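Topology and contacts: notes
Here is how the chains run, residue by residue.
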Amino acid sequence: EGILHSLKPHKLTTFLTLFLFLVVLAPAAKGRSWSYTNDAMDFVIDFPSAEWRAVSESGIAHARTYFVNDDQTSVKLDIRRQLVDAGVSPADLIESQRGWDRVSLRGYIKTQTKPFEGQLSGSQYGYEYISAGKLVTKLNYYLQANTRTIYRLEFTGSQEAPLMRGVTESMA
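If you're wondering where the values come from, they're calculated on a predicted model, not measured in any experiment. (Residues numbered from 1 in each chain as written. Predicted model: local features only at pLDDT ≥ 70, side-chain atom pairs only at ≥ 80, totals over all residues. Heavy atoms only, no water.)

**Examining the nonpolar core**
- In terms of nonpolar packing, the biggest core is built from 19 residues, with Ile 45, Phe 67, Leu 77, Ile 79 and Leu 153 touching the most fellow members.
- Mapped by element, the contributors of at least two residues to this core are β3 (43-47), β6 (76-83), β9 (134-146) and β10 (149-158).
- Looking at this core, the element that brings in the most residues is β9, giving 4 residues.
- Judged by nonpolar contacts, the second largest core, of 10 residues, contains Ile 94, Tyr 129, Val 136 and Ile 150. (Core = buried A, V, L, I, M, F, W, Y, C linked by side-chain atoms within 4.5 Å. Buried < 20%, exposed > 50% of the residue type's maximum accessible area, 1.4 Å probe, protein only. Helix = DSSP H or I, 4+ residues; strand = E, 2+ residues; numbered from the N terminus.)

**Quick notes on the pairing of β10**
- Extensive coverage of β10 is indicated by the burial of 9 of its 10 residues.
- With 8 bridges joining them, β6 and β10 adopt antiparallel strand pairing. If you follow Arg 80 over to β10, its bridge partner there is Arg 152.
- Pairing between β9 and β10: 10 bridges, direction antiparallel. The residue of β10 that forms the bridge with Tyr 141 is Leu 153.
- Turn length for the β9-β10 hairpin, with the two strands adjacent in sequence and antiparallel, is 2 residues. (Pairing = 2+ DSSP bridges.)

**Let's talk about the pattern of salt bridges**
- Using the criterion set out here, one finds 8 salt bridges in the structure.
- A salt bridge links Glu 57 to Arg 64; the shortest N-O distance between them is 3.5 Å.
- The salt bridge partner of Arg 80 is Asp 78, with a shortest N-O separation of 3.8 Å.
- Judged by its relative accessible area of 32%, Arg 80 is partly exposed.
- Salt bridges sharing partners connect three or more residues here, namely Glu 57, Arg 64, Lys 76, Asp 78, Arg 80, Lys 138, Arg 152 and Glu 154. (Salt bridge = Lys/Arg side-chain N within 4 Å of Asp/Glu carboxyl O.)

**So, the pairing of β3**
- Counted residue by residue, β3 has 5 buried out of 5 residues, so it is predominantly covered.
- Bridge analysis of strand β2 (residues 34-38) against β3 gives 5 bridges, and the strand direction is antiparallel. Directly across from Ser 35, in β3, lies its bridge partner Asp 46.

**A short note on the packing of aromatic side chains**
- Taken as a whole and judged by the stated rule, the model has 7 aromatic pairs.
- Ring geometry for Tyr 125 against Tyr 127: centres 4.8 Å apart, planes inclined by 35°, an arrangement best described as tilted.
- The class of Tyr 127 is buried, set by a relative accessible area of 3%.
- Taken together, the ring pairs connect Tyr 108, Tyr 125, Tyr 127 and Tyr 129 into an aromatic cluster.
- Note that Lys 76 overlies the ring of Tyr 66, its terminal NZ or CZ placed 4.7 Å from the centroid. (Phe/Tyr/Trp six-rings, centres within 6.5 Å; stacked < 30°, edge-to-face > 60°. Lys NZ or Arg CZ within 6 Å of the ring centre and 35° of its normal.)

**Here's the deal with the confidence of the model for the protein chain**
- Of all residues in the protein chain, 72% attain a pLDDT of 70 or more, and the chain-wide mean is 75.
- Under a pLDDT of 50 for its full length, residues 1-29 has, in the predicted model, 85 contacts with residues more than four places off or in other chains.
- When the criterion is pLDDT under 50, residues 165-172 qualifies, and its contacts beyond four places in sequence or with other chains add up to 16 contacts. (pLDDT = per-residue confidence, 0-100. Contact = heavy atoms within 4.5 Å.)

Written out as structure tokens, the structure is:
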């Protein structure tokens, strides 16, 4: 069974075998595995290690949850679901996001954009920028679940974090 999978298999295909990402991200996985369920976005994600933890924040419109790796690598994972018009592809979303990033992020440098094939197909978009005087690396996966739904997995960390280098190198 995939690491990230639909709560309603008849509505969405199994979302993603995130085991590949998490094994690359945590090669020395320690501790117990655990699962996180998000009913609103219709997915379950299974983490192979207790080094990943969920962080919930309350907001004006809704609460949000993201994940951080506690093995001193300071990598954050956000998962977002985007409802799109039929015919909009992951590459279309990347082009739109790249335009925004180019003008809004200080020190923006595009590092890579390429197709991604997995349980769900899509595109990978990586870039770097400066925040609070430090170089930040971001690696996003835009994955097509169906004609109207694209999930975005956003990994954010410092370039020095072995976790980020491992993801980038393993996907190259």
